[in-house]
Amino acid sequence: MKTIIRQGTRAPAALFSVFAALLFLAGCNSGESTEALPNTGGGSNTVSYSGPAPATDDVLIFKRSVWDELSGQNKCGACHNAGGQSPQFVHEGDINIAYAQANTIVNLSDPSQSEMVTKVAGGHNCWTTSVTACTDLLTVYISNWAGGSEGAVKTVELRAPDINEVNDTLTFPGDPSLFQSSIYPVLTDYCSECHTSNGQTPYIASTNVQTAYDQAKSRIDLNDRAPEVSLYDASSRLVERLRDDSHNCWDNDCVESSIVMLAAIQNFISDLGEPEPIPANLVTSKALNLVNDGLLANAGGRYEDNVIALYEFKAGEGPTAFDTSGVSPPLNLTLSGNVGWVGGWGVEFGPAFETDDGAMIRAGKAQGSTADSRKLHTLLTASGEYAIEAWVVPGNITQEDSRIVTYSGSSTARNFTLGQDMQSYEFLHRSTTTDQNDPMLTEANPMLLQATLQHVVVNFTPDGGREIFVNGEPSGDVDPDSAGLLTEWDNSFALVLGNETDGESPWEGAVRMLAIHNRALTAEQVAANYDVGVGQKFFLLFSVSHLVDMPESFIVFEVSQFDNYGYLFSNPFFISLDDTQSPSGIPLKGMRIGINGREVVVGQSFANLDLTLNASDYVTGSGQPLSRLGTVLALEEGPEIDQFFLTFEEIGSYEDARSEGPVPAQPPVSGSTEFSAIGLKTFDEVNASMSKVTGIPTTQSGVAETFTTVKQQLPTVEDLEGFLSSHQMAITQMAIQYCDVLVEDTDKRDDFFPGFNFGENASTAFDDAGRALIKTPLMENFVGTSLTTQPSDADIEAELDALMGRLTTCGGGSCEAGRTETVVKASCAAVLGSAVTLIQ
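Please read all numbers here as calculations on a predicted model, not as lab measurements. (Residues numbered from 1 in each chain as written. Predicted model: local features only at pLDDT ≥ 70, side-chain atom pairs only at ≥ 80, totals over all residues. Heavy atoms only, no water.)

Caption draft 1: Geometry of the overall build of the chain. Along the backbone of the chain there are 23 helices and 33 strands. Counting every position in the chain, which comprises 840 residues, the buried fraction comes to 50%. Within the chain, contacts between residues at least 6 apart in sequence are counted, and of these 70% link residues at least 24 apart. Total accessible area on the chain is roughly 36,800 Å²; 49% of this is exposed by carbon and sulfur atoms. (Helix = DSSP H or I, 4+ residues; strand = E, 2+ residues; numbered from the N terminus. Buried < 20%, exposed > 50% of the residue type's maximum accessible area, 1.4 Å probe, protein only. Contact = heavy atoms within 4.5 Å. Areas by Shrake-Rupley, 256 points an atom, 1.4 Å probe, with all protein chains shown as cover.)

And the structure:
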């Protein structure tokens, strides 16, 4: 067996109740005292222990970490207690007996592989509605018991998977007709009270058949064919939920309900016909499924010593996002409105909408109860500092005053808020020196927020105040308020994601992970957590021992579900789990990835691989890297069902002589051979043009950073036929940046717009004379005059008049401070970002 050192470090997640210190005082004497030891697990189902004192410090740690959390009647205490069934690891009469019994079912070196965890993972008495949440919590409890030195390097142990042959696999048809006539009637008859588009996910009984079909595919295993597969062998999730989880069975008969569901699925499968066999000439590895055969690679690298609430969104279905921090009470969140699960862990919030049947669905949010949210107040005010860490994907860069994460009572009353204001993150916070609605924005880089996956951390400390990090780097912004204390926090507020408690500040986007720490993170810890990444990751060990004549040989990929539609394969390497083995001159050429019985047509990044596996490049325990490339492949039936394998043009002594076929003849040239006399400016030309006309150098820090960010979105060729909407978005961002720098520099703006009073309120500054002082310099410097093909000045000025009019219409007559500069920036960007800069 092998271990691979993962990047970064992870301190033990050993945070408990603030009352844990009392437990140390009570347990210092290991004699036969029967003085009651407090239960630090929290909640209403805890057990008061008054038996013999812990015999050793390790027994005491076991009690705090495991026994206190599991001894309640709502968890394991109902069965595994004194006089109950074996093992009695929550024995309430003697903690030392419980300790001895627990040692028979835990693996302290690899807590996730403990029998206590795997038993529950197999369906044994989970106390929540999510088996994943239960197994995560058990892993945390055992990890807390195992402890370890702070900053210890976390490892992942590679284990050989089961060996599976490549199946001749059926695929789902694109047309939902067969589904509509077989499975859909069962779903609409028995599941429509909950699983419709205006209910809870998955929408398997939606009134829209295509929606129901798309949502049901990942819950149907096309290998559940009749008569080979019986009820208790079936692995379709639609059957398992009834058969194993007793989930809303009809007529209170789960066996009969699961039989009906399986029959409908098998009728659907039989109508698909026989699977197409894989080509006999393919040289293939053994096959793997991501969920059943993959080895979780989310092992470590994160700093989580002080996490008090953690949401990794692993459940993937249902109305609850579970807090798996292991700190009681769990602050679980209830999903409501337009919110759905994201494949590979996450939840996505959408706007309010009207369903096909006329029902109104509110904007999405996830909210905890005020009672459970009180642990944030208790633990954060006790420490006086905190950090909010999130992996987020903003849905757009235009939403304003939108709540991503908030601990608040309404749109105007909060303890803290992480929000979005267009292209800035905002951090609102209550302390003794700040108004609860005073934001700190990422203004040092005005376009730091992008509509892509980003890691965001906001810190507060009583001596340093607020700070913001994005993608592992500090934003460069300074807290506008002096630091204070958290003594004025309100303990009646609730934790909410994606909206405000009153539903008035919806945010569109996805949250892939959220952690709340009761200590601020250092810059090094932020960077380490960013480097680890986010989402569900696996190692897939494709067996190739039968091809290379070398025992326990595998080609290993790091694989994750990229989103709801694809998988990411990356960083392949070759390794033998037998330490005595090393490769010697094994050729490896033309590696491709197959899914469900056939090679994928696109995305074969490793098809050009041509190398030799040899001892000089091989490191025992780590293997030999094959490529630094990655590729995204389309999801077909879902991670629980899709089967992957590798094919090779050559590996060892095996070859697949492929013929690419003759190169097709070039089609005759048709149409006109004339080309346009005008074209697009390329990325460097656009940047140079904007610099020239505004007088702002391309080396200015904000301009240079924006250009680096959007450079790949700008045109690379001059052909007008190649113009894309993404080009215009990038040009707009560049124009906004140049105009922002121009107007913020008082000397430059006075030279560019002579005579205009930037200190006057916007409600009066833009009269006819004021507008002329803005329009004339823009027309002369940006558009030009007396050109051979002169644009219509009147049309451009009319657009600018209309824009200024809209932006200076302020409620109450007078506009807010700073509005004048904003209107000038917008007018400047409207002209600079138009065709006058793009076309040549």
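Caption draft 2: The sheet that holds strand E8 (residues 333-336), seen in detail. Read from one edge of the open sheet, eight strands run E7-E8-E13-E22-E15-E16-E17-E18, paired in antiparallel fashion. With one partner strand each, in any of the chains shown, strand E7 (320-321) and strand E18 (439-441) form the two edges of the open sheet. Relative to E8, E7 runs antiparallel, the two sharing two bridges. Looking at the pairing, Thr320 lines up with Thr334 of E8. (Pairing = 2+ DSSP bridges.)

Caption draft 3: Local environment of the environment of Asp136. Structurally, the position occupied by Asp136 is in helix H5 (residues 131-146). Sequence-wise, Asp136 and Lys314 are 178 residues apart; in three dimensions their C-alpha atoms are separated by 9.2 Å. With near-sequence residues (within four places) excluded, Asp136 lies in contact with Glu312, Lys314 and Thr324.

Caption draft 4: Up close: the nonpolar core. Ranked by internal contacts, the top residues of the largest apolar core, which has 47 residues, are Leu376, Tyr386, Val405, Phe416, Leu495, Leu497 and Val511. By residue number, the principal contributor to this core is strand E14 (residues 386-394), which donates four residues. If you look at the next biggest cluster of nonpolar residues, it comprises 43 residues, including Leu288, Val544, Phe557 and Leu609. (Core = buried A, V, L, I, M, F, W, Y, C linked by side-chain atoms within 4.5 Å.)

Caption draft 5: View of the packing of helix H15 (residues 683-694) against helix H17 (residues 725-744). Running from amino to carboxyl end, H15 crosses H17 at an angle of 25 degrees, the nearest separation of the two axes being 11 Å. Taken together, the axes of H15 and H17 lie roughly parallel to each other. For the pair H15 and H17, the crossing hand works out as right-handed. The residues of H17 that touch H15, namely those facing Val686, Asn687, Met690, Ser691 and Thr694, are Ile731, Met734, Ala735, Tyr738 and Leu742. Of the residues that constitute the contact of H15 with H17, the class distribution is seven nonpolar, three polar and no charged. (Axes fitted to C-alpha atoms, helices over the stretch in contact; angles between N-to-C directions. Parallel < 35°, antiparallel > 145°, perpendicular 65-115°, else oblique. Left-handed = near helix turned anticlockwise from the far one by under 90°. Nonpolar A, V, L, I, M, F, W, Y, C, P; charged D, E, K, R; others polar.)

Caption draft 6: Summary view of the packing of H17 against helix H22 (residues 819-832). Closest axis-to-axis distance for the H17/H22 pair is 8 Å, and the angle between their directions is 140 degrees. In this view, H17 runs oblique relative to H22, as classed from their interaxial angle. The element H17 and its partner H22 pack so that their crossing is right-handed. Contacts between H17 and H22 involve Ala735, Ile736, Tyr738, Cys739, Asp740, Leu742, Val743 and Glu744 from the first element and Glu821, Val824, Lys825, Cys828, Ala829 and Leu832 from the second. Looking at the contact of H17 with H22 residue by residue, the classes come out as 10 nonpolar, no polar and four charged.

Caption draft 7: How the structure looks around H22. For H22, spanning 14 residues, the distance from its first C-alpha to its last is 20 Å, which sits close to the expected 20 Å at 1.5 Å a residue. Counting buried residues along H22, 10 of its 14 residues qualify, which places the element largely inside the surrounding structure. The set of residues buried in H22 consists of Thr820, Glu821, Val823, Val824, Lys825, Ser827, Cys828, Ala829, Val831 and Leu832. (Expected span 1.5 Å × (residues − 1).)

Caption draft 8: How the structure looks around the layout of surface pockets. A volume near 1,100 Å³ is recorded for the second largest pocket. Around the second largest pocket, the lining comprises 26 residues; the ones closest to its centre are Met422, Pro446, Ile736, Asp740 and Thr822. Broken down by element, the residue count for the lining of the second largest pocket peaks at eight residues, all from H17. A class-by-class count of the residues in the lining of the second largest pocket yields 11 nonpolar, eight polar and seven charged. (1 Å grid on protein atoms, 1.4 Å probe; cavity = no way out; pocket = protein on both sides within 12 Å on 5 of 7 lines; lining within 4 Å. Points joined across faces, edges and corners; volume = space filled by probe spheres on them.)

Caption draft 9: Region of interest: the pattern of salt bridges. Applying the stated criterion to the full structure yields 30 salt bridges. A salt bridge links Lys63 to Asp68; its shortest N-O distance comes to 2.7 Å. Relative accessible area serves as the criterion here: at 0%, Lys63 is assigned to the buried category. Between Glu304 and Arg302 there is a salt bridge; the shortest N-O distance is 2.7 Å. A relative accessible area of 9% places Arg302 in the buried class. Each of Arg219, Arg237, Glu240, Arg241, Asp245 and Glu317 takes part in a single network of salt bridges with overlapping partners. (Salt bridge = Lys/Arg side-chain N within 4 Å of Asp/Glu carboxyl O.)

Caption draft 10: Broad picture of the state of the cysteines. For the structure on display, the rule yields four disulfides. Through a disulfide, Cys126 is tied to Cys134; the S-S separation comes to 2.1 Å. Here the S-S torsion is close to 80 degrees, and the disulfide linking Cys126 with Cys134 is therefore right-handed. Judged by relative accessible area, Cys134 falls into the buried class, the value being 0%. (Disulfide = S-S within 2.5 Å.)

Caption draft 11: A look at the confidence of the model for the chain. With 90% of its residues at a pLDDT of 70 or more, the chain has an overall mean of 85. Here residues 148-154 is a poorly scored stretch, pLDDT under 50, and it has 19 contacts once near neighbours within four places are set aside; other chains count. (pLDDT = per-residue confidence, 0-100.)

Caption draft 12: Geometry of a nonpolar patch on the surface. Residues Tyr232, Val255 and Ile259 make up a contiguous nonpolar surface patch of about 310 Å² in total accessible area. The residue Ile259 is located in helix H10 (residues 254-270) in this model. A relative accessible area of 38% means that Ile259 is categorised as partly exposed. (Patch = residues over 30% accessible without salt bridge, like charges linked within 9 Å, V, L, I, M, F, W, Y side chains within 5 Å.)

Caption draft 13: Representation of the pairing of strand E22 (residues 494-497) in the model. What you see with E22 is no split at all: Ala494 and Val496 on one side and Leu495 and Leu497 on the other are buried throughout. One ladder, built from two bridges, connects strand E13 (residues 365-367) with E22; its direction is antiparallel. Bridged to Ala366 within E22 is Leu497. Relative to E22, strand E15 (residues 402-410) is paired through four bridges, and the arrangement is antiparallel.

Caption draft 14: Fine view of empty space enclosed by the protein. Following the criterion strictly, the structure yields one cavity of 30 Å³ or more and no others. Quantified by volume, the largest cavity comes out at close to 70 Å³. Taken together, 13 residues line the largest cavity, and the ones lying closest to its centre are Phe313, Lys314, Ala315, Phe322 and Thr324. Elements with a minimum of two residues in the lining of the largest cavity: H5 and E7. Ranked by the residues each element gives to the lining of the largest cavity, the list is headed by H5, at three residues.

Caption draft 15: Examining the packing of aromatic side chains more closely. Applying the stated criterion across every chain yields a total of 30 aromatic pairs. Considering the side-chain rings of Tyr386 and Phe460, the 5.9 Å spacing of their centres and the 35 degrees angle between planes classify their relative orientation as tilted. Taken together, the residues Tyr386 in strand E14 and Phe460 in strand E19 (residues 454-461) connect sequence positions 74 residues apart. Look at Tyr386 and you get buried, because its relative accessible area is 0%. Geometrically, the ring pair formed by Phe753 and Phe758 is edge-to-face, given 6.3 Å between the ring centres and 65 degrees between the ring planes. What makes Phe753 buried here is its relative accessible area of 0%. These aromatic residues form a ring-pair network of at least three members: Tyr386, Tyr407, Phe416, Phe427, Phe460 and Trp489. The ring of Phe758 carries Arg749 above its face, with NZ or CZ at 4.3 Å from the centroid. (Phe/Tyr/Trp six-rings, centres within 6.5 Å; stacked < 30°, edge-to-face > 60°. Lys NZ or Arg CZ within 6 Å of the ring centre and 35° of its normal.)

Caption draft 16: Representation of the side chain of Gln420 in the model. Here Gln420 lies in strand E16 (residues 413-421). Looking at Gln420, its side chain comes within polar contact range of the main-chain oxygen of Asn396, at 2.8 Å. One polar contact links Gln420 to Trp507, side chain to side chain, over a distance of 2.7 Å. Every residue in contact with Gln420, bar those within four places of it in the chain, is listed here: Pro394, Asn396, Ile397, Gln399, Glu400, Asp401, Ser402, Ile404, Glu426, Leu449 and Trp507. (Polar contact = N/O pair within 3.5 Å; in protein donor to acceptor, adjacent residues only side chain to side chain.)

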